Amino acid sequence: MRKTIKNAVFILLFLTLSVSTAFLTYLHFFASDDKDLSGEWTANIGMTEQAAVTAFSWLQDIEGVSVSYEEIESYMQELTVRVNLTFEQTERFAGTFRCNISPESYEACNQAACEAFASVFQELISQRLRMTDYAGSTDKEAIEALVTETFGMSTVSYLTAYGPTLLPSLEELQAGYDGSGTYEITDDILTRQFKDGGSVATRAEYYIRKDSNLILSGEIDSVSDGLFSDYRPIIYTLRQTSDQ
């Protein structure tokens, strides 16, 4: 079973890498030459795969449960955490930067992931009850009432207490993204030198500027046992320019 899960993760990451490579190749030939990155940028880091794979792995250890990764993923759409990145150009092709994960966005994403997982769990309980010719109602409200009666807490509370941790902790994400320092641009490479925060002293990434979009990819630290692809582009959107 573990081998099946690993194969599923590998296939998902391979497909993501293929799509990302094609996307970046396209943008490379149509991107602008604007090297002034000054302004406030924001991006949404996808958490759906992380949460779905973790939930799938945990559920496979429960006897009699039959659920596919795709079914779980369908409940966990658009799980994202926002990251804010600010550049201020102080000289040609160089300047300062600040980057941080939004704690509020993380909490909202974690809550949404837990609620989605609870819906999956309730559906599985409903299926098991129907297989045993259960005479009572198996709708969502009835299952929630049954869980509360059985465990003394709601489905979300039960899974939070005894289920898997669906997302990396806020501290893990902050270690991978938060920090400030100086940057410089050479050809298609954006190099950031971290003075405060960050899990590395220097980070060099391929970058593409396309109108109000900034795409960073390449040398990005993996988070949480490699479930994030090092080559997956992060697309930032310009929220505010520095002179506004």
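To be clear, the structure that these remarks concern was listed above.
Since the model is a prediction, treat every value here as computed from it, not as a measurement.

Peer 1: What is the right way to look at the packing of helix 4 (residues 103–131) against helix 5 (residues 140–151) in this model?
Peer 2: Helix packing for two helices is described by the angle between their axes and how far apart those axes are. Helix 5 packs onto helix 4 with a crossing angle of 95 degrees between their chain directions and a minimal axis gap of 10 Å. Regarding the angle of helix 4 to helix 5, the classification is roughly perpendicular. Every residue of helix 5 that contacts helix 4 at Ser119, Gln122, Ile125, Ser126 and Leu129 is listed here: Lys140, Ile143, Glu144, Leu146 and Val147. In terms of residue class, the contact of helix 4 with helix 5 is made up of 5 nonpolar, 3 polar and 2 charged.

Peer 1: In this structure, what is going on with the environment of cysteine 114? I would like to understand it.
Peer 2: One can find cysteine 114 in helix 4. Taking the C-alpha atoms as reference points, cysteine 114 and alanine 55, 59 residues apart in sequence, are found 9.9 Å from one another. Sequence-distant contacts of cysteine 114, that is, excluding residues within four places in its chain, are made with Val156, Thr160 and Leu166.

Peer 1: Just checking my understanding: could you explain the pairing of strand 2 (residues 80–91) for this structure?
Peer 2: Looking along a regular strand, one sees side chains alternate from face to face of the sheet. Summarising the sheet, strand 1 (residues 39–46) and strand 2 pair through 8 bridges and their orientation is antiparallel. Its bridge partner lying in strand 2, tryptophan 41 is registered against leucine 85. Relative to strand 3 (residues 94–101), strand 2 runs antiparallel, the two being bridged by 8 bridges. By the bridge assignment for strand 3, leucine 85 is matched with cysteine 99.

Peer 1: Can you walk me through the pattern of salt bridges in this structure?
Peer 2: Where side chains of opposite charge bring their charged atoms close, a pairing between them can arise. Taken as a whole and judged by the stated rule, the model has 3 salt bridges. With its nearest N and O atoms 3.4 Å apart, the salt bridge here joins arginine 239 to glutamate 40. Of this pair, arginine 239 sits in strand 8 (residues 234–240) while glutamate 40 sits in strand 1; the two residues are 199 residues apart in sequence, bridging distant segments of the chain. Arginine 239 sits in the partly exposed class, given a relative accessible area of 46%. By relative accessible area, which is 24% here, glutamate 40 ends up partly exposed. Residue arginine 130 pairs with glutamate 123 through a salt bridge whose shortest N-O separation is 3.5 Å.

Conventions we followed
Residues numbered from 1 in each chain as written. Predicted model: local features only at pLDDT ≥ 70, side-chain atom pairs only at ≥ 80, totals over all residues. Heavy atoms only, no water. Axes fitted to C-alpha atoms, helices over the stretch in contact; angles between N-to-C directions. Helix = DSSP H or I, 4+ residues; strand = E, 2+ residues; numbered from the N terminus. Parallel < 35°, antiparallel > 145°, perpendicular 65-115°, else oblique. Contact = heavy atoms within 4.5 Å. Nonpolar A, V, L, I, M, F, W, Y, C, P; charged D, E, K, R; others polar. Pairing = 2+ DSSP bridges. Salt bridge = Lys/Arg side-chain N within 4 Å of Asp/Glu carboxyl O. Buried < 20%, exposed > 50% of the residue type's maximum accessible area, 1.4 Å probe, protein only.

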